[in-house]
Amino acid sequence: DQEGGKAEMRANIDAWWPLVERGEVEAIVMNASGCGATVKEYGHHLAGDAAYAAKAARVSAMTRDLSELLPELVPVLKPQLAAAAQAGRLALHPPCTLQHAQKLKGGLEAGLRALGFTVVLPADSHLCCGSAGTYSVLNPELSRQLRERKLGALGEAFADAPPAAILSANMGCITHLQGGTDIPVRHWVELLDEALLA
């Protein structure tokens, strides 16, 4: 419910605010694109709340998706990523919450490629995988159809051999896609972490 959601927003702001107010954080970084999209809208959702409007606007303004840090991190991380090429060919499903809600289309794949990963986008990569928050629960048949279409496009992009993994940036998409394939579906930062440790 809407009021319950606003209560959770206020609770998050209360948890982060002491650090924000003391200037101890430069950004609030989200590694799940759906969460990032929501936090970036706190200012809008709480605009009519006299006690939280200014705080919410500030929190929204300083929220970043993890992929937004890649341009700064590529020069630092690339020398440590000799193993990136060993990861094989990777399929990327950029979530709707990254591409459409946060308007961050193209940055994730550009960053991963700059780090040395071989990333392939399927045809119609802008289309939803069918997870869409509670959509997969409330509309399971249509949700499965969207997932099958997405996995089919991934299969066509790798007609010669399946990808080593399917990467995404949102847990809903990752869980939903994994339910329809034996190919590992992972958050892109997990792969980056493994390549750094190799």
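These numbers come from a predicted model, not from an experiment.

Analysis parameters
- Residues numbered from 1 in each chain as written.
- Predicted model: local features only at pLDDT ≥ 70, side-chain atom pairs only at ≥ 80, totals over all residues.
- Heavy atoms only, no water.
- Pairing = 2+ DSSP bridges.
- Helix = DSSP H or I, 4+ residues; strand = E, 2+ residues; numbered from the N terminus.
- Axes fitted to C-alpha atoms, helices over the stretch in contact; angles between N-to-C directions.
- Phe/Tyr/Trp six-rings, centres within 6.5 Å; stacked < 30°, edge-to-face > 60°.
- Buried < 20%, exposed > 50% of the residue type's maximum accessible area, 1.4 Å probe, protein only.
- Lys NZ or Arg CZ within 6 Å of the ring centre and 35° of its normal.

K.L.:
Which residues make up the sheet that holds strand E4 (residues 118-120), and what are the values?
P.N.:
Read across the open sheet, the four strands follow the order E4-E3-E5-E6; overall the sheet is parallel. A strand with exactly one partner marks an edge of an open sheet, and here the two such strands are E4 and strand E6 (185-187). Neighbour-to-neighbour, the strand axes of this sheet turn through a mean angle of 40°, independent of strand direction. Bridge count between strand E3 (residues 89-92) and strand E5 (residues 165-168): three bridges; the pairing is parallel. Among the inter-strand pairings, Leu-90 is bridged to a residue of E5, identified as Ala-165.

K.L.:
Describe unusual backbone geometry, naming the residues involved and giving the relevant values.
P.N.:
A negative phi angle is the norm for most residues apart from glycine, just as the trans form is the norm for most peptide bonds. Backbone geometry at Lys-103 places phi at a positive 60°, although glycine is not the residue there. Of note, Lys-103 is situated in the loop between helix H6 (96-101) and helix H7 (107-114). Backbone geometry at Asp-124 places phi at a positive 55°, although glycine is not the residue there. Examined against the element boundaries, Asp-124 turns out to sit in the loop between E4 and helix H8 (135-138).

K.L.:
Lay out the packing of aromatic side chains with the relevant residues and their values.
P.N.:
According to the stated counting rule, one finds one aromatic pair in the structure shown. Ring geometry for Trp-16 and Tyr-42: centres 6.4 Å apart, planes at 20°, overall stacked. Of this pair, Trp-16 sits in helix H1 (residues 2-21) while Tyr-42 sits in helix H3 (residues 42-45), placing them 26 residues apart in sequence. Given a relative accessible area of 4%, Tyr-42 falls into the buried group. The lysine or arginine in question, Lys-55, covers the ring of Tyr-52, its NZ or CZ lying 5.5 Å from the ring centre.

That's the geometry; what it means functionally is another story.
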